[in-house]
Amino acid sequence: MNQEFDKYKLYKASVQSTENDVVFLRDTYRQLKGKKAESLAEDFCGTFSMCCDWVKLGDNHNAVGIDLDAEPIAYGKENYLSKLTPEQQAKIKIMEADVTKPGLPTADIIVATNFSYYLFKKRNELLAYFKSVHDRMGDDSMFLMDCFGGEQCYSPNEEETEHEGYRYFWDQDTYEPVTNEAQFYIHFQLDGEAKRERVFKYDWRVWTMPELIEILQDAGFSKTHVYWEQNDSDGEGNGEFKRVERANEDCESWIAYLVSEK
Ligand SMILES: C[S@@+](CC[C@H](N)C(=O)[O-])C[C@H]1O[C@@H](n2cnc3c(N)ncnc32)[C@H](O)[C@@H]1O
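### Considerations on the overall build of the protein chain
Here comes step 1: The secondary structure content of the protein chain amounts to 7 helices and 12 strands.
Here comes step 2: Relative to its length of 262 residues, the protein chain is compact, with a C-alpha radius of gyration of 18 Å against a globular reference of 18 Å.
Here comes step 3: Counting only C-alpha atoms, the protein chain reaches 50 × 45 × 40 Å along its principal axes.
Here comes step 4: When each of the 262 residues of the protein chain is scored for burial, the buried share is 52%.
Here comes step 5: Of all intrachain contacts in the protein chain linking residues separated by at least 6 positions in sequence, the fraction that spans at least 24 positions is 65%.
Here comes step 6: Accessible surface for the protein chain amounts to roughly 13,200 Å². Of this, 45% is attributable to carbon and sulfur atoms.
Here comes step 7: Between the mean site of the 30 positive side-chain charges and the mean site of the 50 negative ones, the protein chain shows a separation of 6 Å.

Encoded structure:
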């Protein structure tokens, strides 16, 4: 059988839910700031799916996506941007740029999702990125990033998820306790085909939540709120995030959002 292999389509179907993410962003901003957010800056935007969902969510919304790789940007333009109305398209700006460089635009909401900032392996590199985000922010801006943890990420393991027509594999290939560095891969296998290995590769440092909160403080952020993923009846993450002071559970594997204010 000759099937199309579209790595970004499979990636989106497996790991992204930007149509839900933007609702969380809108509601969280409203709760924290008491007003409506209009502008979104998506750092490490890849195919900038979140920018597209943000402008679809509100007539006053606009978005800027920043990524240094031309390939996912071109994919997003062809496959996501082209599906928007001309008015919506005009509200999105994409910059092929390095998020660590000065001169990036401000926004009500700045996001760094899918753990992209884990590529900064040294404390001073991560601090420099957080400082540059802080510098870009207005008094009423907020900065959202996701993070993960739990005992599962401190040893190699591979998780397989069955989808219609294909399997998705999240492979933690290595874990180094001295540095917290870990090598991750995404593999895919279309039905009836061999597994395609290492379609996406991530050479990361697994940052702990207290480290992140302290580095955010050092970068100048006055507050960081933790939004912890809630569980369904089987004890699995249900995609809903609630603001907590403490998680009060020690999951094998967890995901949370950190939302920081200037
Ligand atoms: C893990 S992917 C995440 C893509 C997207 N945010 C998502 O949620 O799927 C990381 C992205 O960060 C980009 N990237 C890596 N270093 C960067 C940098 N210094 N400045 C801008 N983009 C960068 C890569 O090109 C890649 O598209």
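### Considerations on helix H1 (residues 7-15)
Here comes step 1: Residues of H1 that are buried: Tyr8, Leu10, Tyr11 and Ser14. Taken end-on, H1 shows its buried residues confined to a sector of 160°, consistent with a single buried face.
Here comes step 2: For H1, the secondary structure elements touched by its buried residues are helix H4 (70-79), strand S6 (157-163), strand S7 (166-176), strand S8 (181-190) and strand S9 (196-205).

### Points about the environment of Tyr8
Here comes step 1: As for its placement among the helices and strands, Tyr8 is situated in helix H1.
Here comes step 2: For the pair Tyr8 and Asn79, spaced 71 residues apart in the sequence, the C-alpha separation amounts to 9.8 Å.
Here comes step 3: Contacts of Tyr8, omitting those with residues within four sequence positions, involve Thr47, Glu71, Pro72, Tyr75, Tyr80 and Phe200.
Here comes step 4: A polar atom in the side chain of Tyr8 sits 2.6 Å from the side chain of Glu71.

### What to know about the pattern of salt bridges
Here comes step 1: A full pass over the atoms with the stated rule returns 17 salt bridges.
Here comes step 2: Here Asp203 and Lys121 are joined by a salt bridge, their closest N and O atoms 2.7 Å apart. Of this pair, Asp203 sits in strand S9 while Lys121 sits in the loop between strand S4 (109-112) and helix H6 (123-136), and the two are 82 residues apart along the sequence.
Here comes step 3: The exposure class assigned to Asp203 is partly exposed, which follows from its relative accessible area of 43%.
Here comes step 4: A cluster of three or more residues bridged by salt bridges with shared partners is formed by Lys33, Lys223 and Glu261.

### Some words on the site of the ligand
Here comes step 1: Neighbouring the ligand are 16 residues; Tyr11, Phe44, Asp67, Val99 and Asn114 lie closest to it.
Here comes step 2: One of the backbone nitrogen or oxygen atoms of Phe44 is found 2.5 Å away from a nitrogen atom of the ligand.
Here comes step 3: Between the ligand and Asn114 there is a distance of 2.8 Å, counted from an oxygen atom to a side-chain nitrogen or oxygen.
Here comes step 4: Here the shell around the ligand is composed, by residue class, of 8 nonpolar, 5 polar and 3 charged.

### Considering the nonpolar core
Here comes step 1: Counting residues in each nonpolar core, the largest one holds 86 residues, and the members touching the most others are Tyr117, Tyr129, Phe130 and Phe143.
Here comes step 2: Among the elements that take part in this core, strand S5 (residues 142-149) stands out by supplying 6 residues, more than any other.
Here comes step 3: Three or more residues apiece are contributed to this core by two domains, here domain 1 (7-150 + 207-261) and domain 2 (151-205).
Here comes step 4: In contact with Phe130, not counting residues within four places along its chain, are Tyr117, Phe143, Met145, Leu212, Ile215, Leu216, Ala219 and Phe221.

### A look at the sheet that holds S8
Here comes step 1: In spatial order, the strands read S6-S7-S8-S9; together these 4 strands make up an open sheet with antiparallel pairing. The open sheet terminates on both sides in strands that have one partner only, identified here as S6 and S9. Within this sheet the neighbouring strands show an average axis-to-axis angle of 15°, counted without direction.
Here comes step 2: Of the strand pairs in this sheet, S8 and S9 are connected by 7 bridges, and their pairing is antiparallel. Across the sheet, residue Ile186 finds its bridge partner in S9, namely Phe200.

### Some words on the pairing of S8
Here comes step 1: Burial analysis of S8 places 9 of its 10 residues in the buried class, which makes it a mostly covered element.
Here comes step 2: Between S7 and the antiparallel strand that follows it, S8, lie 4 residues; Asn180 among them carries a positive phi value of about 65°.
Here comes step 3: Between S8 and S9, which pair antiparallel in sequence order, lie 5 residues; one of them, Gly192, sits at a positive phi of approximately 80°.

### Points about the domain arrangement of the protein chain
You'll often see interface size given as the accessible area lost when the parts meet.
Here comes step 1: Partitioning the protein chain into structural domains gives domain 1 (7-150 + 207-261) and domain 2 (151-205).
Here comes step 2: Relative placement of domain 1 and domain 2: their C-alpha centres are 22 Å apart.
Here comes step 3: Facing 24 residues of domain 1, the contacting portion of domain 2 comprises 19 residues.
Here comes step 4: Taken together, the two surfaces of domain 1 and domain 2 that pack against each other cover about 1,900 Å², and 60% of this comes from carbon and sulfur.
Here comes step 5: Looking at the side of domain 1 facing domain 2, the largest losses of area belong to Leu10, Lys121 and Gly150, adding up to 30% of the total buried there.
Here comes step 6: Applying the counting rule to domain 1 against domain 2 returns 11 residue pairs in polar contact (both at pLDDT 80 or more).
Here comes step 7: Every element with two or more residues in the side of domain 1 that touches domain 2 is listed here: H1 and S5.
Here comes step 8: Ranked by the residues each element gives to the side of domain 1 that touches domain 2, the list is headed by H1, at 7 residues.

Definitions and limits used
Residues numbered from 1 in each chain as written. Predicted model: local features only at pLDDT ≥ 70, side-chain atom pairs only at ≥ 80, totals over all residues. Heavy atoms only, no water. Helix = DSSP H or I, 4+ residues; strand = E, 2+ residues; numbered from the N terminus. Rg over C-alpha atoms; globule rule 2.2 N^0.38 Å. Buried < 20%, exposed > 50% of the residue type's maximum accessible area, 1.4 Å probe, protein only. Contact = heavy atoms within 4.5 Å. Areas by Shrake-Rupley, 256 points an atom, 1.4 Å probe, with all protein chains shown as cover. Lys, Arg positive; Asp, Glu negative; His and termini not counted. Charge placed at Lys NZ, Arg CZ, Asp CG, Glu CD. Arc of directions from axis to C-beta. Polar contact = N/O pair within 3.5 Å; in protein donor to acceptor, adjacent residues only side chain to side chain. Salt bridge = Lys/Arg side-chain N within 4 Å of Asp/Glu carboxyl O. Near = heavy atom within 4 Å. Nonpolar A, V, L, I, M, F, W, Y, C, P; charged D, E, K, R; others polar. Core = buried A, V, L, I, M, F, W, Y, C linked by side-chain atoms within 4.5 Å. Domains from an automatic or database assignment. Pairing = 2+ DSSP bridges. Axes fitted to C-alpha atoms, helices over the stretch in contact; angles between N-to-C directions. Buried area = accessible area lost by both parts, 1.4 Å probe.

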